[in-house]
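Residue strings, one per chain:
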Amino acid sequence: MDLRDKISDIVVGASELMLSDTFEISQKEGYANIVTSSDVAVQEYLRAHLLELLPESGFLCEEEDFHDLSHEYTWIIDPIDGTANYSRGIDECAICVGLKHLSEMVEAVVYLPRKKELFTASKGGGAFLNGKRIHVSDRPFQNAVLCTALCVYHKENARVCSEIIYDAFMQCNDVRRFGAAAPELCYLALGRCELYFEYNLSPWDYAAASLILTEAGGVISDLHGQSPSLTSCSGILAANTLENLQQMVKIVEKHL
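Residues numbered from 1 in each chain as written. Predicted model: local features only at pLDDT ≥ 70, side-chain atom pairs only at ≥ 80, totals over all residues. Heavy atoms only, no water.

Caption draft 1: Focus on the sheet that holds strand 3 (residues 58-61). Here seven strands make up an open sheet; going across it, the order is 3-4-5-6-7-8-9 and the pairing mixed. Both outer strands of the open sheet, strand 3 and strand 9 (132-133), are each paired with one neighbouring strand and no more. For strand 7 (residues 117-122) and strand 8 (residues 127-129), the ladder comprises three bridges, and the chain directions are antiparallel. The residue of strand 8 that forms the bridge with Thr-120 is Phe-128. Helix 2 (residues 37-53) rests against strand 3, strand 4 (73-81) and strand 5 (94-101) of the sheet, and its axis sits at about 155° to strand 4. In this fold helix 5 (residues 181-190) packs onto strand 4, strand 5, strand 6 (104-112), strand 7 and strand 8, with an angle of close to 100° to the strand it touches most, strand 6. (Pairing = 2+ DSSP bridges. Helix = DSSP H or I, 4+ residues; strand = E, 2+ residues; numbered from the N terminus. Contact = heavy atoms within 4.5 Å. Axes fitted to C-alpha atoms, helices over the stretch in contact; angles between N-to-C directions.)

Given below as structure tokens:
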């Protein structure tokens, strides 16, 4: 069994902790940013089992302030991406585990347990959904679907986000908002959509999914077309083709 398969088994095992209907909800920064007892339980499970795989590895996790970046290998974890969706019974919620070696992602698993969709990738090895190889679509910008959001944690940025979304909407086919970054980036890798824009994300929101996307032939950048940070917050653009990404960069820079 290779490393990706071992990580996948751990992630699927952790997902059992999400199946309870008795989780507790608390607020981190008001109603927009919540955490459930399932988030904490999943993260603890992942840390314990992943550390057994790589005893000298570090962790960058969303919950409980695990930010240890001093190791050659670092696990970047979002125990539940889309916690608001999860707490309301919406399917777009995922466990995200990425492994960073020095400055690049080398392994990734994003699992949507309510949909039984397991996205995986290894650096140079392609991207897969439930073991079947996946690839981005070849749709041009005018036939593209954009996944996006309105920066719910910082609503003071909603106006500029709205202007960017409107501008892109007038040039593409349509817009979707599923409420979770990693599933949306994986949908892009699968060809369900072609464009992605988010004004500000934490690395655990996109690190694992970024490898799945690029291994599926897609492209990802910050808001200015540069490589996004894997260790600090960043605006994120993604697309099925470099041409479509560059068009999104032009739209965003016009409004910033």
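Caption draft 2: Layout of the nonpolar core. If you look at the biggest cluster of nonpolar residues, it comprises 39 residues, and the most contacted ones within it are Val-110, Phe-119, Ile-134, Leu-185, Tyr-196, Ile-212 and Leu-213. The element that contributes the greatest number of residues to this core is helix 6 (residues 203-215), accounting for eight residues. If we skip the residues at most four places from it in the chain, Leu-185 touches Tyr-196, Tyr-206, Ala-209, Leu-213, Ile-220 and Ala-238. Within the second largest apolar cluster, 23 residues are counted, among which are Ile-7, Met-18, Tyr-86 and Leu-118. (Core = buried A, V, L, I, M, F, W, Y, C linked by side-chain atoms within 4.5 Å. Buried < 20%, exposed > 50% of the residue type's maximum accessible area, 1.4 Å probe, protein only.)

Caption draft 3: Up close: the sheet that holds strand 13 (residues 219-221). Spatially, the five strands line up as an open sheet ordered 11-10-12-14-13, and their pairing is mixed. Every interior strand has two partners, whereas the edge strands, strand 11 (174-176) and strand 13, have only one. Neighbour to neighbour, the strand axes of the sheet diverge by 20° on average, direction disregarded. One ladder, built from three bridges, connects strand 13 with strand 14 (residues 234-239); its direction is antiparallel. Each residue of the ladder has a partner; that of Val-219, found in strand 14, is Ala-239.

Caption draft 4: Region of the structure containing helix 4 (residues 158-169). The terminal C-alpha atoms of helix 4 lie 16 Å apart, and with twelve residues this matches the ideal 16 Å at 1.5 Å per residue to within 8%. Those residues of helix 4 that fall on the buried side of the exposure criterion are Val-160, Cys-161, Ile-164, Ile-165, Asp-167 and Ala-168. Down the axis of helix 4, the buried side of the element spans an arc of 160°, and every buried residue falls inside it. Within helix 4, the exposed residues directed more than 90 degrees away from the buried face are Arg-159 and Tyr-166. Those residues of helix 4 hidden inside the fold are in contact with strand 10 (145-148), strand 11, strand 12 (195-201) and helix 7 (242-255). (Expected span 1.5 Å × (residues − 1). Arc of directions from axis to C-beta.)

Caption draft 5: Broad picture of the pattern of salt bridges. Taken as a whole, this structure holds five salt bridges when the rule is applied. Lys-115 is the partner of Glu-92 in a salt bridge, and the nearest nitrogen-oxygen pair spans 3.3 Å. Residue Glu-92 is found in the loop between helix 3 (83-87) and strand 5, and its partner Lys-115 is found in the loop between strand 6 and strand 7; the two are separated by 23 residues along the sequence. Accessibility expressed as a relative area gives 12% for Glu-92, which makes it buried. A relative accessible area of 28% means that Lys-115 is categorised as partly exposed. Residue Asp-167 is joined to Lys-254 by a salt bridge in which the shortest nitrogen-to-oxygen separation is 2.8 Å. Linking Asp-167 in helix 4 with Lys-254 in helix 7, this pair joins segments that are 87 residues apart in sequence. Exposure remark for Lys-254: the relative accessible area of 56% places this residue in the exposed category. (Salt bridge = Lys/Arg side-chain N within 4 Å of Asp/Glu carboxyl O.)

Caption draft 6: Spotlight on the state of the cysteines. The tally for this structure, following the rule as stated, stands at zero disulfides. Free cysteine Cys-93: the closest other cysteine sulfur is in Cys-96, separated by 10 Å. Here Cys-151 stays free of any disulfide, with the sulfur of Cys-161 as its closest cysteine sulfur at 4.9 Å. (Disulfide = S-S within 2.5 Å.)

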